[in-house]
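# Structural description and commentary
The residues making up each chain are set out below.
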Amino acid sequence: MISSFIASMGSAIASTPIDVVRTRLMNQRRVSTSCGKLPPHIYSGSMDCFIQTIRNEGFFALYKGFIPTWFRMGPWNIIFFITYEQLKQL
């Protein structure tokens, strides 16, 4: 069980920044301007979102939601590997 949570920590460390950038890109709103045309999005792409997040909020903003992600992956790993071992024996 402890090894599953340690493995989950590595997975959460690697995936949380990508999830934060993906979520921000999907939820971005358009910037309003007075000219009446449709303005561009806040972020022009993944790297722009990554750079703006670090520049405006700091590096650790990429790890918002780390603890829930980590605790969600721990039980998932336990269930996965127990199921895998049982199916492998068949």
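Preceding this section is the structure that the text describes.
A few points on the structure. All values reported here derive from a predicted model rather than from experimental measurement.

This part takes up helix 3 (residues 66-89). For helix 3, with 24 residues, the first-to-last C-alpha span of 35 Å sits near the 34 Å given by 1.5 Å per residue. Considered for burial, the residues of helix 3 that qualify are Phe 66, Thr 69, Trp 70, Met 73, Gly 74 and Asn 77. Contact partners of the buried residues in helix 3: helix 1 (2-27).

We now examine the pattern of salt bridges. Where side chains of opposite charge bring their charged atoms close, a pairing between them can arise. The final tally for this structure, using the stated rule, is four salt bridges. As a salt-bridge pair, Arg 22 and Asp 19 come within 3.3 Å of each other at their nearest N and O atoms. Here the residue Arg 22 and the residue Asp 19 both occupy positions in helix 1, the gap between them amounting to three residues, near one helical turn. Judged by its relative accessible area of 26%, Asp 19 falls in the partly exposed class. In this structure, the salt-bridge partner of Lys 64 is Glu 57, at a minimum N-O distance of 3.0 Å.

Each value, and the rule that gives it
Residues numbered from 1 in each chain as written. Predicted model: local features only at pLDDT ≥ 70, side-chain atom pairs only at ≥ 80, totals over all residues. Heavy atoms only, no water. Helix = DSSP H or I, 4+ residues; strand = E, 2+ residues; numbered from the N terminus. Expected span 1.5 Å × (residues − 1). Buried < 20%, exposed > 50% of the residue type's maximum accessible area, 1.4 Å probe, protein only. Contact = heavy atoms within 4.5 Å. Salt bridge = Lys/Arg side-chain N within 4 Å of Asp/Glu carboxyl O.

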